[in-house]
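Observations on the three-dimensional arrangement
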Amino acid sequence: MSRRSQVERTDATRAALISAARVLFESRGFAATGTPDIVAAAHVTRGALYHHFADKTELFHAVARQVAQEVADEITHRSKRRKTPLDALLAGSQAYFATMAEAGRARLLLLEAPAVLSAEQVMGLSETAGFQALQEGLREALGEGHAALPWRELSLLLSAAFDRAALAIARGESAAPYERAIRLLISGLVSG
């Protein structure tokens, strides 16, 4: 049996910390999760935690980045190869709602992250989780004739609507009315 290299052990420890912290942050929240809980769940020492992360906030940011990337990957997967930019935007919308409804993602990214991280870090998470794709999708769907639109601001406002809907869906409300409302908003923008 071969022994793992130092790099493999380091990567495994970091992954164990992120995985354990994610479960705890999603179920309990940041404030109710202590570092002793995290190291116990990860089966590592407190020293290992602080070797990889300066503090609990840095670990939380690593968890949030991982979750945001999963959301982005799902949006990309579900919206690629659509016939029109509008179809891609609508598919991406449904993907966002579906993936944010899973396993505490909305709580982690939309409630906990703004309370724990800096505004710049939160915007970075948003950009990773689909904000950039939304902005690009709007540009493609609206086309050349709308070059003077305030794209960033339009995307920020629409993104806020997505986030409010995702929170409602994560709380157990039906996704269908929110999907319909977003479809109306996006279709109205594209046809208007």
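Owing to the predicted nature of the structure, the values given are computational and were not obtained by experimental measurement. The numbering scheme is per chain: residues are counted from 1 as the chain's sequence reads. pLDDT decides what is reported in this predicted model: residues at 70 or higher carry local features, side-chain atom pairs at 80 or more are listed and counted, and totals for whole chains, interfaces and linings draw on all residues regardless. The side-chain values count all of the structure's non-hydrogen atoms but skip hydrogen atoms and water molecules.

1. Some points on the UniProt feature "domain: HTH tetR-type" (unreviewed entry) in the chain
UniProt's entry tags residues 11-71 with the feature "domain: HTH tetR-type" (unreviewed entry), counted in the numbering of this structure. Here a strand is any run of E in DSSP of at least two residues, a helix any run of H or I of at least four, and the numbering for each starts at the N terminus. Along residues 11-71, the helical share is 80% and the strand share 0%, with 23 Å between the first and last C-alpha atoms. UniProt positions are given in the numbering used here, feature names are shortened, and annotations may be inferred rather than shown by experiment.

2. A few points about unusual backbone geometry
Leaving glycine out, the prevailing phi sign among residues is negative, and the prevailing peptide bond configuration is trans. Positive phi is not limited to glycine here, since histidine 43 has a value of about 60°. Checked against the element boundaries, histidine 43 lands in the loop between helix H2 (35-42) and helix H3 (46-52). Buried means the residue's accessible area, taken with a 1.4 Å probe over protein chains only, is under 20% of the maximum for its type, while exposed means over 50%, and partly exposed covers the values in between. On the accessibility criterion, histidine 43 (73% relative accessible area) is exposed. Positive phi, close to 60°, is recorded for arginine 81, a residue that is not glycine. Residue position: arginine 81 is located in the loop between helix H4 (56-79) and helix H5 (85-100).

3. Considering the packing of helix H7 (residues 119-142) against helix H8 (residues 151-170)
Helix axes are fitted only over the stretch in contact, all axes being lines through C-alpha atoms; the angle between N-to-C directions runs from 0 to 180 degrees. Relative to each other, H7 and H8 sit at 115°, their axes nearing to 9 Å. The handedness of the crossing between H7 and H8 comes out as right-handed. In this structure, H7 uses Met123, Ser126, Phe131, Leu134, Gln135, Leu138, Arg139 and Leu142 to contact H8, whose residues at the interface are Trp151, Arg152, Leu154, Ser155, Leu156, Leu158, Ser159 and Phe162. Throughout, the ten residues Ala, Val, Leu, Ile, Met, Phe, Trp, Tyr, Cys and Pro are labelled nonpolar, Asp, Glu, Lys and Arg are labelled charged, and all others, Gly among them, are labelled polar. For the contact of H7 with H8, the per-class residue count stands at 10 nonpolar, 4 polar and 2 charged. Two helices crossing with the near one rotated counterclockwise from the far one by less than a right angle form a left-handed crossing, whereas a clockwise rotation gives a right-handed crossing. By definition, residues are in contact when any of their heavy atoms lie within 4.5 Å.

4. Observations regarding the environment of threonine 13
If you trace the backbone, threonine 13 turns up in helix H1 (residues 6-28). Remark: the alpha-carbon pair of threonine 13 and glutamine 66, spanning 53 residues in sequence, is separated by 16 Å. In this structure, threonine 13 is in contact with Val44, Ala48 and His52, ignoring residues within four places of it in sequence.

5. Some points on H4
The span you would expect from a helix comes to 1.5 Å times its residue count less one. In this model H4 runs 35 Å from its N-terminal to its C-terminal C-alpha over 24 residues, within 8% of the 34 Å that 1.5 Å per residue would give. Any N or O atom pair separated by 3.5 Å or less is treated as a polar contact, with the protein-specific requirement of one donor-capable and one acceptor-capable atom, and with residues adjacent in sequence counted only for side-chain atom pairs. Capping the start of H4 is the job of one residue whose side-chain oxygen sits 3.2 Å from the backbone nitrogen of threonine 57: aspartate 55. Downstream of H4 by one or two residues, arginine 81 has phi in the positive range, about 60°.

6. Brief notes about the packing of aromatic side chains
We call Phe, Tyr and Trp rings a pair once their centres come within 6.5 Å, taking the six-membered ring for Trp, and we label the pair stacked below 30 degrees between planes, edge-to-face above 60, and tilted otherwise. Under the definition given, this model contains 6 aromatic pairs. Taking 5.2 Å as the distance between ring centres and 70° as the angle between the ring planes, the aromatic pair formed by phenylalanine 25 and phenylalanine 60 counts as edge-to-face. Here the residue phenylalanine 25 occupies a position in helix H1, and phenylalanine 60 occupies one in helix H4, the gap between them amounting to 35 residues. Like phenylalanine 25, the residue phenylalanine 60 is buried in the burial classification.

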